Amino acid sequence: MTERTRKIRTYHQVADPSSEDIVGQIEAQRSKLADRLADIDRLVVVASGKGGVGKSAITANLAALLAERGRRVGAIDADLHGPSLAAMLGADRTPLVVSEHGVEPAVGAAGVRLMSMDLVLSDGAPLEWRQPDVAGFVYQSTLDTGAVRELLADVVWGRLDLLLIDAPPGTDKLARLLELLPVIDTLLLITTPSEAARRAVGRAVQQARGAGISTIGLVANMTVHECPDCGRSEPMFEADGATQLATETGLELWAEVPFEPRFAVATDAGRPLVLEAPESPAALELDRLAARLENPTSETP
Amino acid sequence: MKFLCIDCDEVMTFAERELPGDGTLAAVFECPDCGREMAMLTNPMETKLVSGLGIQVGGRTVPDQPLELVRSSVTTGDEKAFADQPLTTGTVRWSEAAAERLQGVPGFVRGMVKKIYGEYAVERGIEEITPEIMDRARQDLGLEGM
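The notes below deal with the structure included here. (Residues numbered from 1 in each chain as written. Chains lettered and ligands numbered in written order. Predicted model: local features only at pLDDT ≥ 70, side-chain atom pairs only at ≥ 80, totals over all residues.)

1. With respect to the overall build of chain B
And then number 1: Along its length, chain B carries five helices and seven strands.
And then number 2: Helices and strands in chain B line up, N terminus first, as β-β-β-β-β-α-α-β-α-α-β-α.
And then number 3: Once the C-alpha set of chain B is aligned to its principal axes, its extents read approximately 55 × 35 × 20 Å.
And then number 4: Sorting the 146 residues of chain B into buried and exposed places 32% on the buried side.
And then number 5: Sequence separation of 24 or more characterises 55% of the internal contacts of chain B that already satisfy a separation of 6 or more. (Helix = DSSP H or I, 4+ residues; strand = E, 2+ residues; numbered from the N terminus. Buried ≥ 20, exposed ≤ 12 C-beta atoms within 10 Å, placed from the backbone. Contact = placed C-beta atoms within 7 Å.)

2. Some points on the overall build of chain A
And then number 1: Within chain A, the regular secondary structure consists of 10 helices and 11 strands.
And then number 2: Per-residue burial over chain A gives 47% buried out of 301 residues.

3. Thoughts on helix α10 (residues 281–294) of chain A
And then number 1: In a regular helix each residue adds 1.5 Å, so 14 residues correspond to 20 Å; α10(A) covers 20 Å between its end C-alpha atoms and thus fits that length.
And then number 2: Among the residues of α10(A), A282(A), A283(A), E285(A), L286(A), D287(A), L289(A), A290(A), R292(A) and L293(A) are the ones counted as buried. (Expected span 1.5 Å × (residues − 1).)

4. Digging into the interface of chain B and chain A
Quoted interface sizes are often the accessible area lost when the parts come together.
And then number 1: The interface of chain B with chain A comprises 35 residues on the first partner and 40 residues on the second.
And then number 2: Those elements that place two or more of their residues in the side of chain B that touches chain A are β3 (13–18), α1 (44–51) and α2 (68–73) of chain B.
And then number 3: The element best represented in the side of chain B that touches chain A is α1(B), accounting for four residues.
And then number 4: A per-class count over the side of chain B that touches chain A returns 18 nonpolar, 11 polar and six charged. (Nonpolar A, V, L, I, M, F, W, Y, C, P; charged D, E, K, R; others polar.)

5. Regarding unusual backbone geometry
And then number 1: A positive phi angle, close to 60°, is found at A110(A), a residue other than glycine.
And then number 2: Mapped onto the elements of the fold, A110(A) is located in the loop between β5 (106–107) and β6 (113–116).
And then number 3: When the 20 C-beta atoms within 10 Å are taken as the criterion, A110(A) is described as buried.
And then number 4: The backbone of L67(B) sits at a positive phi, close to 55°, despite the residue not being glycine.
And then number 5: With respect to the helices, strands and loops of the structure, L67(B) is situated in the loop between α1 and α2.

6. Quick word on the nonpolar core
And then number 1: A63(A), L89(A), L189(A) and V219(A) are the most contacted members of the largest nonpolar core, which has 109 residues in total.
And then number 2: Of the residues forming this core, the biggest block, nine residues, is contributed by helix α2 (residues 55–68) of chain A.
And then number 3: Residues F14(B), L25(B), A27(B) and C31(B) belong to the second largest nonpolar core, which totals eight residues. (Core = buried A, V, L, I, M, F, W, Y, C linked by C-beta atoms within 7 Å.)

7. Brief notes about the pairing of strand β2 (residues 73–77) of chain A
Residue and element names in this part refer to chain A.
And then number 1: With respect to burial, β2 is a largely interior element, five of its five residues being buried.
And then number 2: Side chains V73, A75 and D77 project from β2 onto one buried face, and the interleaved G74 and I76 project onto a second face that is buried too.
And then number 3: Pairing between β2 and strand β7 (residues 160–166): five bridges, direction parallel. Within β7, the residue paired with V73 across the bridge is L162.
And then number 4: Sheet topology places β2 next to β6; four bridges connect them, and they run parallel. Across the sheet, D77 pairs through a bridge with S116, a residue of β6. (Pairing = 2+ DSSP bridges.)

8. Considering α2(A)
Residues and elements named next belong to chain A.
And then number 1: Between its terminal C-alpha atoms α2 stretches 20 Å, which fits the 20 Å expected from 14 residues at 1.5 Å a residue.
And then number 2: The element α2 is extensively covered by neighbouring structure, given that 13 of its 14 residues are classed as buried.
And then number 3: One or two positions beyond α2, positive phi appears at G70, with a value near 100°.

9. Points about the sheet that holds strand β4 (residues 25–30) of chain B
The strands making up a sheet associate through backbone hydrogen bonding, with each pair oriented either parallel or antiparallel.
Residues and elements named next belong to chain B.
And then number 1: Read across the sheet, three strands follow the order β3-β4-β5 without closing on themselves; strand pairing throughout is antiparallel. With partners counted over all chains shown, the strands left at the sheet margins are β3 and β5 (37–42), one partner each. Across the sheet, the mean angle from the axis of one strand to that of its neighbour is 25°, orientation sign disregarded.
And then number 2: Pairing between β4 and β5: six bridges, direction antiparallel. (Axes fitted to C-alpha atoms, helices over the stretch in contact; angles between N-to-C directions.)

10. What about the packing of helix α4 (residues 107–123) of chain B against helix α5 (residues 131–141) of chain B?
All names here are of chain B.
And then number 1: It is the contact of α4 with α5, at a shortest axis distance of 10 Å, that shows an interaxial angle of 95°. In terms of orientation, α4 lies roughly perpendicular with respect to α5. Facing α4, whose interface residues are I116, Y117, Y120 and A121, α5 presents I133, M134, A137 and L141.
And then number 2: Looking at the contact of α4 with α5 residue by residue, the class counts come to eight nonpolar, no polar and no charged. (Parallel < 35°, antiparallel > 145°, perpendicular 65-115°, else oblique.)

11. Focus on the environment of F263(A)
And then number 1: Along the chain, F263(A) turns up in helix α8 (residues 261–268).
And then number 2: Between the C-alpha atom of F263(A) and that of L273(A), which follows or precedes it by 10 residues, the distance is 5.5 Å.

12. A few points about the packing of helix α4 (residues 137–153) of chain A against helix α5 (residues 171–180) of chain A
Think of two packed helices as two axes; the pair is described by the angle between the axes and how far apart they sit.
All names here are of chain A.
And then number 1: α5 packs onto α4 with a crossing angle of 45° between their chain directions and a minimal axis gap of 11 Å. By the angle between their axes, α4 is oblique relative to α5. Where α4 crosses over α5, the handedness of that crossing is right-handed. Between α4 and α5, the residues in contact are S141, T145, V148 and R149 and R176, L177 and L180, respectively.
And then number 2: When its residues are assigned to classes, the contact of α4 with α5 shows three nonpolar, two polar and two charged. (Left-handed = near helix turned anticlockwise from the far one by under 90°.)

In structure tokens, the structure reads:
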């Protein structure tokens, strides 16, 4: 048996312009994203480890409220497979204009500039990717993450005071978003008093801290329901998971938003409650939250 | 991924790319010393994995377009999601046959395709885009399905 003497250089020993170009393309994507976000003063991610807690409704209302307060506000619906932000903000449905600078965002309530897959998908159609016939799940997260990157980097946001990102539910998707964004100024984690939400959002807190997010605010949604007849407030859930979560994590509850049927009605109609009924208990609480977002290092007003 | 010519101990450099339209990809690499060529053939799954990152093996042939990944990869897009763009790019005209063929491209991606062909023509001093020019651009730029 002859001894093998051929020595092939290893991957790292070989300089290759072709592979460097691929790395260069990835770096160019990151650079483009950073350039676009450079004109935005504050990046706020609205997330949760749990679905159905009202992330999008709170995002839509906060965006409208901040815009109403005179801020230049953008909003991205990063929930590609369940987009709802455009409808909640009553976005105009004219075709999107593509210029040499990128795609002009749609405009919603109070002048919020927004982008959502809802604006590009056929009416009622699910998001489906062109992919090989088998094992499409292999590519899905890559394509989804690429699409979110494009929604951020390819839209002509212009100068903004705040860009709110409505994250999809699930810690996996939150992780991808955190990795994509060069910096996050504030992470709002929406929860409810339910025990299930406490556990799920608790995981998201751990994840966010692991990613180095320093400013995290908890928002308890659907905390109490006020009887329209007698005015008595009753808890919506038996558990008080939101308060417990705040204690366990050492995070502050930035807001406790009561349940109001008209909140859902207004949101479904594309007219944020904060504009429709600014004196309602939920709108007033969201107003306090908006003030906190404008100055996240301050104490609760 | 790198390709090394063992005889020359030289890294092979990217030469050309072909996208036959069936989801596969052929990328040709050659040794700068001895000129030996090899083709890397990827199946549709491998091709998609790379293109899903928004990158192109061997480098980009055209500048990246706004929402390129979304517009080229979403199959359920609204035909009227994007505003139509004029048929002229600078002084470049579209022949009637080319314009008709362009109408066969799904509306969701048509504006992007139109822009790419227009820029291809401008860069090469072509005054009128015809179906033949479209074929040549598709070949030169490696535009699968465009």
